[in-house]
Amino acid sequence: MSTIIDVENTYTSGVYGKRPVAIVRGKGALLWDAEGREYIDCAAGHGVANIGHGRPEIAAALAAQAQRLITCPEIVYNDVRAQLLQRLIEITPEGLTHAFLCNSGTEAVEGALKFARLATGRTGIVATLRGFHGRSMGALSTTWEKSYREPFAPLIPDVKHIRYNDLAAAEAAITEQTAAIIIELVQAEGGVHVPQADYLAGLAALCRERGALLIVDEIQTGFGRTGALFACNHYNLQPDILCLAKSLAGGVPMGAICLGQRVMESGRITKGAHGSTFGGNPLACAASLATIDIFEREQLAPRAAALSTQVFERLRSWRSPLIREVRGQGLLIGIELTKRVQPYLEALCERGVLALPAGPTVLRLLPPLVISEEQINRALDIVADVLG
Ligand SMILES: CC(=O)N[C@@H](CCCNCc1c(COP(=O)(O)O)cnc(C)c1O)C(=O)O
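Below or above, wherever it landed, is the structure these notes cover. Nothing here was measured: the structure is a model prediction, and the numbers come from that model.

## Focus on the sheet that holds strand β2 (residues 30-33)
Pairing between the strands of a sheet comes from backbone hydrogen bonds, and it takes one of two forms, parallel or antiparallel.
So, step 1. Taken in spatial order, the 4 strands line up as β1-β2-β3-β13 in an open sheet, and their pairing is mixed. Among the strands making up the open sheet, the edge pair consists of β1 (23-27) and β13 (353-354).
So, step 2. Two elements, β1 and β2, share 4 bridges in a ladder whose sense is antiparallel. Across the sheet, residue Gly-26 finds its bridge partner in β2, namely Leu-31.

## Details of the packing of helix α13 (residues 300-315) against helix α15 (residues 373-387)
So, step 1. Closest axis-to-axis distance for the α13/α15 pair is 11 Å, and the angle between their directions is 20°. Taken together, α13 and α15 sit at an angle that is classed as roughly parallel. Two packed elements cross with a definite hand, and for α13 against α15 that hand is right-handed. Of α15, the residues touching α13 (which contributes Leu-307, Gln-310, Val-311, Arg-314 and Leu-315) are Glu-373, Ile-376, Asn-377, Leu-380 and Asp-381.
So, step 2. Class assignment for the residues of the contact of α13 with α15 results in 5 nonpolar, 2 polar and 3 charged.

## Things to note about the pattern of salt bridges
A pair can form between side chains of opposite charge whenever their charged atoms are brought close.
So, step 1. On inspection of all chains with the given rule, the structure shows 20 salt bridges.
So, step 2. For the salt bridge of Asp-166 with Arg-163, the shortest nitrogen-to-oxygen distance reads 3.4 Å.
So, step 3. As a salt-bridge pair, Asp-381 and Arg-314 come within 2.4 Å of each other at their nearest N and O atoms. Highlighted residues: Asp-381 in helix α15 and Arg-314 in helix α13, separated in sequence by 67 residues.

## Some words on the nonpolar core
So, step 1. In this structure, Leu-88, Ile-174, Ile-181, Phe-223, Ile-335, Leu-363 and Leu-387 are the most contacted members of the largest nonpolar core, which totals 87 residues.
So, step 2. Not counting chain neighbours up to four residues away, the residues in contact with Ile-335 comprise Leu-315, Ile-323, Glu-325, Val-326, Thr-361, Val-362, Leu-363, Leu-365, Val-383 and Leu-387.
So, step 3. Within the second largest apolar cluster, 24 residues are counted, among which are Leu-113, Ile-215, Ile-219 and Cys-243.

Calculation criteria
- Residues numbered from 1 in each chain as written.
- Predicted model: local features only at pLDDT ≥ 70, side-chain atom pairs only at ≥ 80, totals over all residues.
- Heavy atoms only, no water.
- Pairing = 2+ DSSP bridges.
- Helix = DSSP H or I, 4+ residues; strand = E, 2+ residues; numbered from the N terminus.
- Axes fitted to C-alpha atoms, helices over the stretch in contact; angles between N-to-C directions.
- Parallel < 35°, antiparallel > 145°, perpendicular 65-115°, else oblique.
- Left-handed = near helix turned anticlockwise from the far one by under 90°.
- Contact = heavy atoms within 4.5 Å.
- Nonpolar A, V, L, I, M, F, W, Y, C, P; charged D, E, K, R; others polar.
- Salt bridge = Lys/Arg side-chain N within 4 Å of Asp/Glu carboxyl O.
- Core = buried A, V, L, I, M, F, W, Y, C linked by side-chain atoms within 4.5 Å.
- Buried < 20%, exposed > 50% of the residue type's maximum accessible area, 1.4 Å probe, protein only.

This is how it looks when you write it as structure tokens:
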């Protein structure tokens, strides 16, 4: 294993803090390192592997498509892309009628910001404290974490951040100059913060009243993560723009920007307004169609909701001076500690559980939605032991 680590350390950029393990194989919710050690995956590739690792259906879809056509730019039509666009509009929340396909979450946010400014003719963007929307310059402008953002200033102008779950703050910030507000329906990277039910309805009403667009970033909450296919479904929320990525293509890089009537009826989303060489490539579309089949066949969203009830019941029964609060939705789980989380993440890794932080003091568990009850309970046994 040390050879793999030595080689990667020799050539990698150095921007990532890495656990001292080389993961080489996965199946379902389990991973194995180069020395054959098994891990229970509670990171799911940062919320990408909702359907689990090593799925034969995805491998088969990729192999079949790769033998037919891997790339096909959007200067022509394509059968698999057309099917995927139709499926995506069928399964996403009511009111979304069109989609732009891209290759990552940050690209989905970049495009969403561009479409919002184009459709409204306005420049103002409102984002939230602790929000995370990606690392490229436009998306980064809406990401809150100062250490991510400030070294790259000046970013795009006319972006302001307001407190999450604070409708009065939104009231003051959303004006006739506001193109859009962008929010997550659980602030994941920022510490696993769940919205109050009336907040979202209030935000949507405010946007309609003031002619601003509601961009919902479901890059991490989408595809069953919160116990519904989309977190919007919990609130019957109809976003004007919906950003998707991570689990969209079962682990294959893909993003999507779903667009509603208020964007499309502006008549300003015209030819040449945006583009992407790899966006909508048939390989990713084939993987996405196979992935959506799995979500539907295995009912992964209701499964996550049922498992979530058990997990939170168990977590909330724990009494430890180390635990400040347990919060989250579905299988997007946050355990806020009274100390820095890093040492506990390292201890968990040594004990065979891969988990994530969500800010400096929150332990985040993001298991694949296919994780078995036995596996999640074994992982919680280890978490309980490590948190002592
Ligand atoms: C170690 C590592 O990969 N860290 C990434 C993890 C990012 C995880 N979240 C991505 C994300 C993004 C960006 O998505 P992408 O470009 O990483 O695919 C947008 N919106 C939301 C709500 C998101 O959660 C990072 O720190 O940039």
